[in-house]
Amino acid sequence: MSTEHEAGVPATDWAEAYQSPDFQRLRRRLRRFVFPMTALFLAWYALYVLLADYAHGFMSQKVAGNITVGLIFGLLQFVSTFVIAALYVRYAGRELDPIAGELRDELEGHHR
């Protein structure tokens, strides 16, 4: 009896799927989005932290009323998080989900 993994698919099939060209293509496409976007977000966040710590005059400049450049940059951190999430959803739907669906159907199709 083979060891069962997720979705009732034997572990040996998961190992084969991991080694398959389609799965490797899926991983490359995921990394093509995740790594650059992570680096971009971390750089943006580091800029915000460095400006907040070392550019007090700039960050405390009032833009309108009590709204400062620092407050705007801080709020833009939230905005950038939502933008990245929306971009990922669009990217995944276009580039990742079709391949993942094919792999899932192939794995589950062997064991119905």
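That block above? That's the structure.
A brief structural summary. (Residues numbered from 1 in each chain as written. Predicted model: local features only at pLDDT ≥ 70, side-chain atom pairs only at ≥ 80, totals over all residues. Heavy atoms only, no water.)

1. Side note on the packing of aromatic side chains
As a reminder, the rule being used: Ring geometry is summarised as follows: Phe, Tyr and Trp rings, the Trp one being its six-membered ring, pair when their centres sit within 6.5 Å, and such pairs are stacked at plane angles under 30 degrees, edge-to-face over 60 and tilted between the two. Only DSSP runs of H or I reaching four residues or more are called helices, and only runs of E reaching two or more are called strands; each is numbered from the N terminus. Three labels apply to residues, based on accessible area from a 1.4 Å probe with only protein chains included: buried if under 20% of the type maximum, exposed if over 50%, partly exposed otherwise in between.
Evaluation of the coordinates by the stated rule reveals six aromatic pairs. On the numbers, 5.0 Å between centres and 25° between planes, the contact of Phe-33 with Tyr-91 is stacked. Of this pair, Phe-33 sits in helix 2 (residues 21-54) while Tyr-91 sits in helix 4 (residues 69-109), and the two are 58 residues apart along the sequence. For the pair Phe-33 and Tyr-91, a shared accessibility class is recorded, and that class is buried. By way of ring pairs, the aromatic residues Phe-33, Tyr-88 and Tyr-91 are connected into one cluster.

2. A closer look at the nonpolar core
Filter applied, for reference: We call a set of buried residues a nonpolar core when its members are Ala, Val, Leu, Ile, Met, Phe, Trp, Tyr or Cys and they connect through side-chain atoms within 4.5 Å of each other. Contact criterion: two residues are considered in contact whenever any of their non-hydrogen atoms come within 4.5 Å of each other.
Residues Leu-26, Phe-33, Met-37, Ile-84, Tyr-91, Ala-92, Leu-96, Ile-99 and Leu-103 constitute the largest nonpolar core, which totals nine residues. For this core, the elements supplying multiple residues, two or more each, are helix 2 and helix 4. Looking at which element gives the most residues to this core, the answer is helix 4, with six residues. Leaving out residues up to four positions away in the same chain, Tyr-91 has contacts with Arg-29, Arg-32, Phe-33 and Leu-96. Counting five residues, the second largest nonpolar core, distinct from the first, contains Leu-51, Ala-55, Met-59 and Val-69.

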